[in-house]
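Residue-level structure breakdown
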Amino acid sequence: MLLVLGGCANRSGEIDATGGITAVRSACPAVAIPAATGDITLFNPVSDTSATAMDVTATMTNVRSTCNDAGEQVATTVTFDVLARRTRTDDARDVSLPYFMAVVRGGSAVVAKRVGQVQLHFNAGQARTQASGQASSQVTRAAATLPAEVRERLTRRRKAGDEDAAIDPLTAPEVRQAVQRATFEALVGFQLTDAQLRYNATR
């Protein structure tokens, strides 16, 4: 969807002859890793969170997404890499780390969530390894589309001297709320326990 504030232009961010600026709003969700969920640390023993008890550490990185918004369902596929390191390297070892994919509406409401597992394998003597994961989500196009009256208020051309020419339509609570309701995010991160989340937040 193309939102044109104050005029029409060909590309996002361009200023046209009437002084308007264009901004592109997509039905595809923004993709991100929530704060403090992109890393996970396993301890041995679990109750000891000192540096000497670190067993496995892993980081989620290279998050990429593809989105198909051609149909009634806006489908997003997210891929990512997990880079891991372990302390003891004497034997071969397999480690399974849980991750989540959550769809968030309006910046705060979780409307869907799935939990998966990414499998890591360390060969004997190997301290580092890497694996890849994938998750997907769907949002109905209707839910991600602004109502016609809101689109009209956002895209209507305003001229100097008009009563509302200098007023940003997004300052209107009903417009701002409608934009929030139609805005979705696809968030991916490690599925942490309360203790792991506290550790990430305070280290």
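One structure accompanies this document, and this report is about it. (Residues numbered from 1 in each chain as written. Predicted model: local features only at pLDDT ≥ 70, side-chain atom pairs only at ≥ 80, totals over all residues. Heavy atoms only, no water.)

Now for the overall build of the chain. Helices and strands together make up the secondary structure of the chain, namely 3 helices and 10 strands. Taken from the N to the C terminus, the helices and strands of the chain come in the order β-β-β-β-β-β-β-β-β-α-α-β-α. The buried share of the chain, reckoned over its 203 residues, is 34%. By sequence separation, contacts in the chain at least 24 residues apart represent 62% of the contacts at least 6 residues apart. When the accessible surface of the chain is totalled, it reaches about 11800 Å², and 51% of it is carbon and sulfur. (Helix = DSSP H or I, 4+ residues; strand = E, 2+ residues; numbered from the N terminus. Buried < 20%, exposed > 50% of the residue type's maximum accessible area, 1.4 Å probe, protein only. Contact = heavy atoms within 4.5 Å. Areas by Shrake-Rupley, 256 points an atom, 1.4 Å probe, with all protein chains shown as cover.)

Once that is clear, we can look at the state of the cysteines. In this structure the tally under the stated criterion is 1 disulfide. Covalently, Cys28 is tied to Cys67 through a disulfide, its sulfur atoms 2.0 Å apart. With the S-S dihedral at roughly -90 degrees, the linkage between Cys28 and Cys67 falls on the left-handed side. Pair noted here: Cys28 is in the loop between strand 2 (21-24) and strand 3 (30-32) and Cys67 is in strand 5 (residues 54-68), with a separation of 39 residues, a long-range link. According to the relative accessible area criterion, Cys28 is partly exposed, its value standing at 21%. (Disulfide = S-S within 2.5 Å.)

In this section: the pattern of salt bridges. All told, the structure shown has 4 salt bridges when counted by the stated rule. For Asp55, the salt bridge is made with Arg93, and the minimal N-O distance between the two is 2.8 Å. Note that Asp55 is positioned in strand 5 and Arg93 in strand 7 (residues 93-105), a separation of 38 residues in sequence. Since its relative accessible area comes to 29%, Arg93 is described here as partly exposed. Between Asp81 and Arg64 there is a salt bridge, with its nearest N and O atoms 3.9 Å apart. Note that Asp81 is positioned in strand 6 (residues 73-86) and Arg64 in strand 5, a separation of 17 residues in sequence. (Salt bridge = Lys/Arg side-chain N within 4 Å of Asp/Glu carboxyl O.)

Our next topic: the nonpolar core. By size, the foremost hydrophobic cluster in this structure holds 21 residues, and its most contacted members are Ala58, Val82, Leu97, Tyr99, Leu120, Val188 and Phe190. Setting aside its immediate chain neighbours within four residues, Val188 contacts Ala32, Ile33, Pro34, Thr37, Met60, Val63, Val78, Phe80, Tyr99, Phe100 and Met101. Membership of the second largest hydrophobic core comes to 8 residues, among which are Leu146, Leu154, Val179 and Ala182. (Core = buried A, V, L, I, M, F, W, Y, C linked by side-chain atoms within 4.5 Å.)

On to the sheet that holds strand 4 (residues 39-43). Pairing in this open sheet of 4 strands is antiparallel, and the strands run 4-5-6-9 from one edge to the other. Every interior strand has two partners, whereas the edge strands, strand 4 and strand 9 (128-140), have only one. Each strand axis lies, on average, 25 degrees off the axis of its neighbour in the sheet, ignoring direction. Pairing of strand 5 with strand 6, which is carried by 11 bridges, proceeds in the antiparallel orientation. Looking at strand 6, one finds that Val56 is bridged to Arg86. Packed onto the sheet, helix 3 (residues 194-202) meets strand 4 and strand 5 and runs at close to 115 degrees relative to strand 4. (Pairing = 2+ DSSP bridges. Axes fitted to C-alpha atoms, helices over the stretch in contact; angles between N-to-C directions.)

On to the packing of aromatic side chains. Going through the model one piece at a time under the given rule, you end up with 2 aromatic pairs. Judged by centre distance (5.1 Å) and plane angle (80 degrees), the ring pair of Phe43 and Tyr199 falls under edge-to-face. Note that Phe43 is positioned in strand 4 and Tyr199 in helix 3, a separation of 156 residues in sequence. Residue Tyr199 is classed as buried on the basis of its relative accessible area, which comes to 17%. Each ring, one from Phe80 and one from Tyr99, has its centre 5.0 Å from the other, and the planes form 75 degrees; the classification is edge-to-face. Within this pair, whereas Phe80 is found in strand 6, its partner Tyr99 is found in strand 7, the two being separated by 19 residues in sequence. Tyr99 matches Phe80 in its accessibility class, with the two residues each being buried. In this structure, Lys113 is placed above the aromatic ring of Phe100, and the distance from its NZ or CZ to the ring centre is 5.2 Å. (Phe/Tyr/Trp six-rings, centres within 6.5 Å; stacked < 30°, edge-to-face > 60°. Lys NZ or Arg CZ within 6 Å of the ring centre and 35° of its normal.)

As a further point, take the environment of Thr37. You can see Thr37 is positioned in the loop between strand 3 and strand 4. For Thr37, a relative accessible area of 9% puts it in the buried group. Note: C-alpha distance between Thr37 and Asn200 (163 residues apart in sequence) is 7.7 Å. Apart from the residues lying within four places of it in its own chain, the contact partners of Thr37 are Phe100, Val188, Gly189, Phe190, Leu192 and Leu197. Polar contacts involving the side chain of Thr37 include one to the main-chain carbonyl oxygen of Pro34, which spans 2.8 Å. (Polar contact = N/O pair within 3.5 Å; in protein donor to acceptor, adjacent residues only side chain to side chain.)

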